Amino acid sequence: YLAARPALVAWSVLVASLVICALLEAFLLFVTGRAAHVARLVEERTRELHDSRERLALALEGSNQALFDWDVATGKVVLGEQWPRIVGGGRGVRETTIKELEALVHPDDFAEARQQGADLVRGQRSIYHVEHRVRNVTGDWVWIASQAKVVERDAAGRATRVTGTNVDITERKEIERFKNGFIATGSHELRTPLNAIIGISEMLRED
């Protein structure tokens, strides 16, 4: 039947081709639109992330807190621009390793810092908070308050990323040391005359 009507076959092929072209065009428009929408979302999220990082950087700069980000799997640690203000050295963001940071910790403070870090990664504590000494570039010891938490875990629950802050508390520690020394000295100076008074009182009471 179709062989006897070549014009009908031609028109059928043409209509089918037009329909297929229209469907392909609609599909391409849909895909292109979706791609453009996704690109806009990515751009917006990137801009929001950039803005939030800038706000965080400004806040940390004002508070003298040094941000750090630890990739647990690789051991790499990115330190914020405030970190050199604590230990000295050049300015700017630093990249180091958790082993190199641990090597800076005072031997008397190492065990506590190491234990809390291990407990945090294992999920046995929600917040890591340790006050300890680290060696600066001149070889002196400075006190820092370090606080962190796990911000990412894998499907198995293993910690993959830890973020936190370090802040220099050396001045506060010096004030505490001076205060404790003053109290101890004052107590000793007061105790000596008081002992004499107590002794005399005992003698008078016995008489």
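Refer to the structure presented above.
Now for a description of the structure that goes with this document. No experiment lies behind these values; they were computed from the predicted model shown.

1. Some words on the overall build of the protein chain
Moving on, step 1. Broken down by element type, the protein chain carries 5 helices and 6 strands.
Moving on, step 2. Along the chain direction, N to C, the helices and strands of the protein chain fall in the order α-β-β-α-β-α-α-β-β-β-α.
Moving on, step 3. Within the protein chain, the proportion of its 207 residues that are buried is 23%.
Moving on, step 4. Taking all contacts inside the protein chain whose residues are at least 6 apart in sequence as the whole, residues at least 24 apart take part in 40%.
Moving on, step 5. Total accessible area on the protein chain stands at roughly 15,000 Å², and carbon and sulfur atoms take up 61% of it.

2. Structural notes on the sheet that holds strand β6 (residues 159–168)
Moving on, step 1. Pairing within the open sheet is antiparallel, and its 6 strands lie in the order β3-β2-β1-β6-β5-β4. Where the open sheet ends on each side, the last strands, each with one partner, are β3 (94–97) and β4 (128–135). Put simply, the sheet's adjacent strands are angled 30° from each other on average, direction ignored.
Moving on, step 2. In this structure, strand β5 (residues 141–153) lies alongside β6, joined through 9 bridges in antiparallel fashion.

3. Concerning the pairing of β6
Moving on, step 1. Bridge count for strand β1 (residues 65–71) against β6 is 7 bridges, and the pairing is antiparallel. Looking at β6, one finds that phenylalanine 68 is bridged to glycine 164.

4. Let's talk about the packing of aromatic side chains
Moving on, step 1. Evaluated as defined, the whole model comprises 0 aromatic pairs.
Moving on, step 2. Across from the ring centre of tryptophan 143, 4.5 Å away, lies the NZ or CZ of lysine 173, which sits over that ring.

Procedures and definitions
Residues numbered from 1 in each chain as written. Predicted model: local features only at pLDDT ≥ 70, side-chain atom pairs only at ≥ 80, totals over all residues. Heavy atoms only, no water. Helix = DSSP H or I, 4+ residues; strand = E, 2+ residues; numbered from the N terminus. Buried < 20%, exposed > 50% of the residue type's maximum accessible area, 1.4 Å probe, protein only. Contact = heavy atoms within 4.5 Å. Areas by Shrake-Rupley, 256 points an atom, 1.4 Å probe, with all protein chains shown as cover. Pairing = 2+ DSSP bridges. Axes fitted to C-alpha atoms, helices over the stretch in contact; angles between N-to-C directions. Phe/Tyr/Trp six-rings, centres within 6.5 Å; stacked < 30°, edge-to-face > 60°. Lys NZ or Arg CZ within 6 Å of the ring centre and 35° of its normal.

Structural measurements only, silent on function.
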